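Chain by chain, the residues:
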Amino acid sequence: RLNSEFNEFAKNPELDIYPEAQRDAIHAVNDWVYPTINNGVYRCGFATSQQAYDKAIEELTESFDRVESILSKQRYMAGDQFTEADVRLFVTLLRFDEVYVVYFKTNTRKVANSPAILNYLREIYQMPGVAPTVNMEQIKMHYFCSHPNLNRWSIIPKGDNFVEKLKEPHNRGD
């Protein structure tokens, strides 16, 4: 399994983000998060009809609100332990405000305006080893310069320095 295959190279081989007891919950989360959020942002951004965009943004918005609701009641997406479901969601939500809201027209919601999601992202970002893997300048350069059909002149919007918000204290305990 990917969860343990690279333990000989890992700094934290004891970290188990796919615990046996939570696998059903992880799969249940991933079953709706992937199509409506992880892939939902792309469905919005690359929609070729208003109807396709409307369907994608409606599903994305509903799922975004569902995430906010879940995280207002529990610490992580699949329960009280950080899991693979959180990793999958984090990488999309990290890019949401700076890239997807602008570039992929996912402007019905923002992480910065969603208290439970923002604190969840802050907690994960502040976990040891996570922040050094986040290079928002590179992320934005990649997205805004990779698709000439969406951004002919490769203009990279300034944004609101979302990463600075992630450095602020979270309210999610130790």
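Given the structure is predicted, the values throughout are model-derived calculations rather than measurements. (Residues numbered from 1 in each chain as written. Predicted model: local features only at pLDDT ≥ 70, side-chain atom pairs only at ≥ 80, totals over all residues. Heavy atoms only, no water.)

Asks: Can you lay out unusual backbone geometry for me, pointing to particular residues and giving the numbers?
Replies: The phi torsion at Lys105 lies on the positive side, around 60°, for a residue other than glycine. In this fold, Lys105 is placed in the loop between α5 (84–103) and α6 (115–125). In this structure, Ser154 takes a positive phi of about 55° despite not being glycine. (Helix = DSSP H or I, 4+ residues; strand = E, 2+ residues; numbered from the N terminus.)

Asks: Provide a residue-level description of the environment of Ile124, including the pertinent values.
Replies: Note on placement: Ile124 falls in helix α6. Counting along the chain gives 42 residues from Ile124 to Leu166, while the straight-line C-alpha distance between them is 9.0 Å.

Asks: Provide a residue-level description of the packing of α5 against α6, including the pertinent values.
Replies: Two numbers describe how α5 lies on α6: the axes approach to 11 Å, and their chain directions differ by 110°. With respect to α6, the axis of α5 lies roughly perpendicular. Every residue of α6 that contacts α5 at Asp86, Leu89, Phe90, Leu93 and Leu94 is listed here: Ile117, Tyr120, Leu121, Ile124 and Tyr125. Classifying every residue of the contact of α5 with α6 gives nine nonpolar, no polar and one charged. (Axes fitted to C-alpha atoms, helices over the stretch in contact; angles between N-to-C directions. Parallel < 35°, antiparallel > 145°, perpendicular 65-115°, else oblique. Contact = heavy atoms within 4.5 Å. Nonpolar A, V, L, I, M, F, W, Y, C, P; charged D, E, K, R; others polar.)

Asks: How would you sum up the environment of Thr61? Please name residues and give values.
Replies: Position of Thr61 relative to the elements: it lies in helix α4 (residues 50–71). Under the relative-accessibility criterion, Thr61 is labelled buried at 12%. With 48 residues separating them along the chain, Thr61 and Arg109 place their C-alpha atoms 6.8 Å apart. If we skip the residues at most four places from it in the chain, Thr61 touches Thr108 and Arg109. Within the local environment of Thr61, its side chain forms a polar contact with the backbone oxygen of Ile57, the two atoms lying 2.7 Å apart. (Buried < 20%, exposed > 50% of the residue type's maximum accessible area, 1.4 Å probe, protein only. Polar contact = N/O pair within 3.5 Å; in protein donor to acceptor, adjacent residues only side chain to side chain.)

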